[in-house]
Each structure stands twice: as C-alpha cells, then as structure tokens.
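Listed below are the residues making up each chain.
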Amino acid sequence: MRGVADTSWLEAVPTIGVALLVLFVPGVVAALLLRARPSTALATGPVLTVTAISLGGIAAAQLGVRWGLATLAASVGALWLVTGLAGLVPRVRERHDDGPLWPLAVGAALALAGVAATLVVVSGSADALPQHPDTVFHVSTTRWMAQTGDVSSLHAAGYANGTGSGFYPAAFHAVATTVLQLSGATVVTSISSTVLVTAGVVWPLGVMLLARRVLGATVPVTLAAALASVAFSAFPYWFMGYGVLWPNLFGQALLPAMLAALVAVASGPDRLNASLLLLLGLPGLALAHPNAFIALAIMGAVIVVFALVRQAWVSRSRPVVAVGAVLAAVVVVAAAGGAWAVATAGAGSMRDSNPPGPEMTSNAALFDVLLFGPRDAQLLWVTGALVLAGIVVVLVRHRRQLWLPVAFVVVGGLYFLNAAVDTSTTRFLTWPWYNNTPRLAALLVAPAAVLAAAALAAVVDGVRRLAASRRRPVGVTAATASVLAAYLLVTLGASTQAHQKLLTPFFNQRASYAWITDGELSALRTLGRKLPADAVVAENPYNGGSYLYLVSGRRVLFTSEKASTTDDLKLLGRSLDEIGRDPQVCAAARRLHVSHVLTGGHPSTFGPSREKRYAGLSAVSLSPTFEYVAGAGPYRLYKVVDCAGS
C-alpha cells in the first residue's frame, strides 16, 4: 500500500470515478427502491451510502470481519433489502412538480468545474498534503483503516491513541478507505478524490435539491443553486486546507439533502418517503460529523416550528387544530431547549475549546456575516448583496419558507457571538463548533447559498418579464444562462481568485513553515525501508516525523502533535535519552514497545515553542544507549540497544 506519491490530477481521474461510484450508486439505488423521485434519489443517495458504509463497518468490526469488497457488498445489500421492503408499503403518492432532471446534471457539472478550478489549480497534485496540524491524523487514520481492515467509528481513534480502539465519527475515513481499496490508489489520492467529489458533486446536488424544495423545481432555481453552492470561500474551499477539516466538510456536504427531506416531512409533499429517507440518512450524517447533525437539529427545529405556526394560522377557523399546532410548536421549542441544556452540561471540554475572548470587533464580525469574508478571506460584495436580496425574495414570494432567512439569522448570530463576544456565556451556544469561527462561517453558507439562488432566479424572472413587455420573449434556459453568465462575469468566475487565495497558503507554504515537505517525505520513505515491520519509532511530530507511518506503514509513538497526552508519552518525550540510566523511562518505553528513534527534520511554525516536550528525542545522538542506523535528508534513525534494569 502506498501512502503518497506524485500523482497528477489527470492520473487521478479513475480514482475520482471510483469515488463517484462509491458515493452515489448504493444510495441512489436505495432511494429509488424506496420509490423516491429521481431528483431526490440523486441528491439524497450519498447520505444513504454513508449510512450503509458507516453501519456496515461497525457491524463488520463487531463480527471480526475485515472491511473489503465482500463486506461492502453485504452492507449495500442490507440497505437495498431494507429500502426495497419499505418501498413495497402501499402509500398515497402526492402529486407535485419534481421538475426536469437535466438541470441537476448540468448544475453538478458546472459546480464540479468551479471546485476543480480552485482545488486542482492550487494543490497541483492529487497527492498534495494540506499543511495544517490535523492532516497527519486524517491520512494516517485512513491508512490504518485500510491496513487493519477496520473502518468502524467505534475503533477509529485506535491509531491516534495507540490502543486499536476508541470512538471517532469516521464516516469520511471509511468512505476514503473504501475508495482506496477499490481503486488501488495512494492514501492521499483516495482522500483527495473523495474530497473533490464531495465538494464538487455531493454538496451542490444537495443545495440544488433544497433550493428546488424551497423555491420551486425550475431550471433557473436549479442552475442558480448550483452556481451559488460553489460561490462562497468559507465553504467548501476553506475546509480543503484549514485544519484540515475534511470530516467537517464531508458532514456539511450531506446536510442540505437532509434539510430538504425535513422540509418535505414538515410541509409535504411525499411525507412518508421523506420521513424514511430522513431516518435512513441520520446515522450517516451523525457519523460524518456531529456538527452536521447538530446543524440539522437546529435548522430542523426552525423548520418544524414555522410549519406548525403556519398550520395554526391556516387552521385559525378550527380552534382545536390551531391550538394543537401552537402547543406542538411550544413542545418542540421546549424539547430543543432541554436537549441543548443537557448536551451543554456534558460538553465541558468542547466549551473550553480554543482561546477565549473576541477575535475581532463587532463591525468586522458584522461584515463577515453579511459579506462572507471570515478571517483572511476576501469580502464577497456581489454575492453578499444577492443573499440579502434573496431574503427579500423569500419574504415576498415564498412566505411558506420563512424558516430559511430565520436560519440564516440564527447561524449568523452564532458567528457574531463567537467572533465579537466569546464569553463563558456565549460558549453555551457556540460549543458544538468548538467556539471556532471558521466552522460557523462555513455553516452560514448552507442557508446563504439557497438565498442567493432565490435572488438569481428572481432576476431571471425579471429579465423574462422585461423581454415579454417589449414583445421580445426570451426562453427560460436562455434567460438563465444570460443571468448566470453576467454573475460570473461580475464576480470574476464566482470569486474563483478569492477562493484560490484563501486555499493557497495551505498548499504552497515555504519549507520553513510547512509541516512536511516532499523532500522530507522521500527521506522518511527511505528510512522506513530500514525498519522491521514491528518497529515503533519515537519521533517529534512538529518536525514531520509523524508522517513516517503514512509513507512506510511503520508505527510512530507520537501519532500527531496532539498525541502527547499520557504520562508515559510525556516522560518519553522529555527524557527518552535517559532510557539507559532511568528505570522509569525504560519501563515506559517497554510498555509502548519503543524500538527506534527518529531525530532531525525542520520544525513547523508551531514547533520551536514546543521543543521542550521532545528534548529527550533530540539528545539521543549523544547517548551510548542508541545505535545509529541510517540517515536520509534532514532525518537520522537510531535503534534502542539498552534499557535501564534490563
């Protein structure tokens, strides 16, 4: 198995094709068996696939069976069996205009091209690694899953903590591992291909479905939603490098399709089908990322409450029905508040995440919310204006969907509190997003993209009305193409340069700022060949040493910069050079099976301030307890030859 190589994006096309098949075929077939309409099946299919792979991976691990083609087939077969049986249940099929299917395909192609124009151009290679702290955790966990044949979220923390077990919501890693197994590509190429398909196809299709459900299944709405879905820097582009937050990106990409199902459950049509799709998709969404599940709960509560209030208003001539709807809305609000309070009480570590205190002024935070330029991102003036116009359009033309601007205000308010206030009180509201403004900025894009689509569709309608008034009628497709082309022209390709500028630092940093360079990866690969299969190598994660596992499959002691958490790890980091003189150090090394030490490498931006944590590794070259094995690039490899008390 190869961890990373110099794979071009052109060479990665077959892997991208595998990612498309893995994410869409199982779920789309399942949705069709459930008798969902084609557009709904296409957009909802990925979240059903994720449910099948996530739950199938857990079941396989519990049964002691390796994850592979056979277990994938069994998991998909189980999904098809359940949906096939559910599809046999008699139901009244509500009539509604599902709209043409071709705009979804065209929109997905346009969105994919837009995402590729940023990710492919900036990264330069399908094997490029984002230079941020959590990258090594995600790529190593994916390799570990493929190596052990275990994609269970119940065990996904097992590589990072060294125990082989521990919960982590790892649907993204499970899907990427499946793509790796079926394609034979490298770990990083499999992940990059999954990310491209997620951001460029899964997310836009979900936004298109949600927009059609909210605004009407028309050609202008569909194509405008496709374009709007990839017009914001905060999502999906930022998460391709920042963090790197691949699982967060994955979870949010599945969110719009689930929101569309919830809208159908609350207001129709096809409530039964929508309910079944929602129930089947929930496990996949939750195991993709808890943020996405919580976002669905928050926006879902707004959707349900507004549907109940509207029902009360429509039924005002029937007091019993109206009062019942109002009481139900009160119950929903109370239940949501109670659940939030309970969850908050048990989330102390998340409430304490990230340094406290405001990140910016109130004015700057307000500009971020209205113009979608968080932190280093450029302000998107035209797109921001469209979102505000979209709020007006919904208030005037789509009053049944007032939940949408309310959801935008709620998420925008959370961002403002986190960015401009951030006190212990506000953290009771922002903790699910780790009190982290990028995560809330990304979530804001979900309602904003649909609002922008509403504005663009309204402009198309205005163009057609104007042309008709002058007795020069314009077809809907031509008018849509003209308006969207004008938007692309004014925004310089839906702000592609702004997206590229935001993502570039994560892929094109100077060597002195990078977590790992191509030269260092090559050196680690060379040294990996000098190690026995059962070696455990102590290394400094801030000097790139943790990537040894990715390129060689040899275990490392400090799996990431967050790994120095136990007493044994802290002791070995500080004092490993004392292994021949200190029995406590020797005992800790034996418990963790340390056989080798890797020194050298260039420290990352964060490394120098944390050098004391790993002082015991840097000093092994001066100790007779260690035997020099080999050197490559900036690294030196040593073998433990003595241990105090042995």
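A brief structural summary. (Residues numbered from 1 in each chain as written. Predicted model: local features only at pLDDT ≥ 70, side-chain atom pairs only at ≥ 80, totals over all residues. Heavy atoms only, no water.)

1. Some points on the overall build of the chain
So, point 1. Each helix and strand counted, the chain has 27 helices and five strands in total.
So, point 2. For 646 residues, the compact-globule formula gives about 26 Å, and the C-alpha radius of gyration of the chain, at 26 Å, lands near that figure.
So, point 3. Counting only C-alpha atoms, the chain reaches 90 × 50 × 50 Å along its principal axes.
So, point 4. A total of 646 residues make up the chain; the buried ones form 58% of that total.
So, point 5. When contacts within the chain are restricted to residue pairs at least 6 apart in sequence, long-range pairs at least 24 apart make up 75% of them.
So, point 6. If you average the places of the 44 positive and of the 28 negative side-chain charges in the chain, the two averages end up 14 Å apart. (Helix = DSSP H or I, 4+ residues; strand = E, 2+ residues; numbered from the N terminus. Rg over C-alpha atoms; globule rule 2.2 N^0.38 Å. Buried < 20%, exposed > 50% of the residue type's maximum accessible area, 1.4 Å probe, protein only. Contact = heavy atoms within 4.5 Å. Lys, Arg positive; Asp, Glu negative; His and termini not counted. Charge placed at Lys NZ, Arg CZ, Asp CG, Glu CD.)

2. Focus on the state of the cysteines
So, point 1. One pass over the structure, following the stated rule, counts one disulfide.
So, point 2. Through a disulfide, Cys 586 is tied to Cys 643; the S-S separation comes to 1.7 Å. The S-S bond linking Cys 586 to Cys 643 shows a torsion near 120 degrees; that makes this disulfide right-handed. With Cys 586 in helix 26 (residues 583-591) and Cys 643 in the segment after strand 5 (635-640), this pair connects stretches of sequence that are 57 residues apart. The pair formed by Cys 586 and Cys 643 is uniform in burial state, with each residue classed as buried. (Disulfide = S-S within 2.5 Å.)

3. Some details on the pattern of salt bridges
Side chains carrying opposite charge are able to pair once their charged atoms draw close together.
So, point 1. Inspection of the entire model under this criterion finds nine salt bridges.
So, point 2. With a closest N to O distance of 2.9 Å, Asp 461 and Arg 465 form a salt bridge. One end of the pair is Asp 461 and the other is Arg 465, both in helix 20 (residues 437-469) and four residues apart, which spans about a single turn.
So, point 3. Ionic contacts of the salt-bridge type, sharing partners, join the residues Asp 134, Glu 561 and Lys 562 into one network. (Salt bridge = Lys/Arg side-chain N within 4 Å of Asp/Glu carboxyl O.)

4. Observations regarding the environment of Ala 301
So, point 1. Mapped onto the elements, Ala 301 comes out in helix 13 (residues 290-314).
So, point 2. Between the alpha carbons of Ala 301 and Ala 335 there is a distance of 9.6 Å; along the sequence they are 34 residues apart.

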